[in-house]
Amino acid sequence: TGTPWQVQPLFLRRSNVNVVLKAGAVLEAKEGSFIGRSDCLLRITDCKNVRLELEKGATFRMRRPYLPPRYKKAEWRHTLSILGSTNVTVQGGTYSDCGGDGIYVSNSGKLNYSTGVTIRNVQVKRAWRNGLSVISAKDLLVEDSNFDETSGTNPQFGIDLEPDTEPYGYLVNLTFRRIRLRNNLHGGFT
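This is a predicted model, so every value here is computed, not measured.

Comments concerning the packing of aromatic side chains
With the rule as written, the count across this model stands at 5 aromatic pairs. Ring plane angle 65 degrees and centroid distance 5.4 Å describe the contact between Phe60 and Tyr95, whose orientation is recorded as edge-to-face. Of this pair, Phe60 sits in strand E7 (residues 59-61) while Tyr95 sits in strand E10 (residues 94-96), placing them 35 residues apart in sequence. Like Tyr95, Phe60 is buried. For the ring pair Phe176 and Phe189, a centre distance of 5.3 Å and an interplane angle of 90 degrees mean the geometry is edge-to-face.

Okay, here's the thing in structure tokens:
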């Protein structure tokens, strides 16, 4: 359309879906929205066989910082959240100005982990908490991606492996290839 698409929190709850953002498209958090402490730009929950493809120059962009008094203090306003899902591919694009993590992978109320998740050719910039947080995952592949300029609230790393949601904290068969981690406040990988 030539201008960003202004959106409120989006949810994907259907399996067997391909979502494509064409080259140059921008999906942007609507000003004044995302009031909830865990509102995400896009949340994929309990889905199977999902492909999210952002073509060259396509962007998911939030409006950090989300600070009091307008917003309740929180670190969970992720740009992309994958919860309890199976066989999810995230291909390409820029994820920027996150109010929490750039990309968050964890469990849901139905499944104790996400499994078969592939994250490839993404650029995460200016996340508030971490560029990528992995809380509970099996068979995760992250490759050819950049996680840069994270700062705001701890831990403030490019990638954070954080299996702290007992009994859901699975970290099994995680692979990282050709990852760049630059200018993150507390470091690249923890």
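Still more ground to cover, so stick around.
Digging into the nonpolar core
By size, the foremost hydrophobic cluster in this structure holds 38 residues, and its most contacted members are Ile44, Phe60, Leu80, Val90, Tyr95, Ile119 and Leu132. With 4 residues, strand E15 (residues 137-148) is the largest single contributor of residues to this core. Beyond its immediate stretch of four places on either side in the chain, Ile119 contacts Val90, Ile103, Val105, Leu132, Leu140, Leu141, Val142, Glu143 and Ser145.

Remarks on unusual backbone geometry
With an omega dihedral of 10 degrees, the bond running from Pro68 to Pro69 counts as a cis peptide bond. Topologically, Pro69 is positioned in the loop between E7 and strand E8 (80-83). Looking along the chain, the bond that leaves Asn154 and enters Pro155 is cis, with omega of 15 degrees. By secondary structure assignment, the location of Pro155 is in the loop between E15 and strand E16 (157-161). Although it is not a glycine, Asn49 sits at a positive phi angle of roughly 60 degrees. Here Asn49 falls in the partly exposed class, since its relative accessible area comes to 34%. Of note in the backbone geometry, Asn183 takes a positive phi value of approximately 55 degrees without being a glycine.

Some details on the pairing of E16
Here E16 lies mainly inside the structure; 4 of its 5 residues are buried. Inspection of the sheet shows strand E14 (residues 130-134) paired to E16 by 4 bridges, in the parallel sense. Residue Val134 lies in a different strand from E16, and its bridge partner there is Leu161. Here E16 pairs with strand E18 (residues 187-189) via 2 bridges, running parallel. The partner of Phe157 across the bridge, within E18, is Gly187.

Some remarks on the pattern of salt bridges
A full pass over the atoms with the stated rule returns 16 salt bridges. With a closest N to O distance of 3.1 Å, Asp101 and Arg129 form a salt bridge. Placement of the pair is Asp101 in the loop between E10 and strand E11 (103-106) and Arg129 in the loop between strand E13 (123-125) and E14, with a sequence separation of 28 residues. Note that Arg178 and Asp144 form a salt bridge whose closest N and O atoms lie 2.5 Å from each other. Residue Arg178 is located in strand E17 (residues 171-182), and its partner Asp144 is located in strand E15; the two are separated by 34 residues in the primary sequence. Within this structure, Glu28, Glu31, Arg61, Arg63 and Arg70 form a network of salt bridges that share partners.

Section: the sheet that holds E18
With parallel pairing, 7 strands are arranged side by side in an open sheet as E2-E5-E8-E11-E14-E16-E18. Every interior strand has two partners, whereas the edge strands, strand E2 (10-12) and E18, have only one. Between one strand axis and the next, the sheet turns by 15 degrees as a mean value, whatever way the strands run. Both E2 and strand E5 (residues 42-45) contribute to a ladder of 3 bridges, which runs parallel. Bridge pairing in E5 links Leu12 to Ile44.

Rules and cut-offs
- Residues numbered from 1 in each chain as written.
- Predicted model: local features only at pLDDT ≥ 70, side-chain atom pairs only at ≥ 80, totals over all residues.
- Heavy atoms only, no water.
- Phe/Tyr/Trp six-rings, centres within 6.5 Å; stacked < 30°, edge-to-face > 60°.
- Helix = DSSP H or I, 4+ residues; strand = E, 2+ residues; numbered from the N terminus.
- Buried < 20%, exposed > 50% of the residue type's maximum accessible area, 1.4 Å probe, protein only.
- Core = buried A, V, L, I, M, F, W, Y, C linked by side-chain atoms within 4.5 Å.
- Contact = heavy atoms within 4.5 Å.
- Pairing = 2+ DSSP bridges.
- Salt bridge = Lys/Arg side-chain N within 4 Å of Asp/Glu carboxyl O.
- Axes fitted to C-alpha atoms, helices over the stretch in contact; angles between N-to-C directions.

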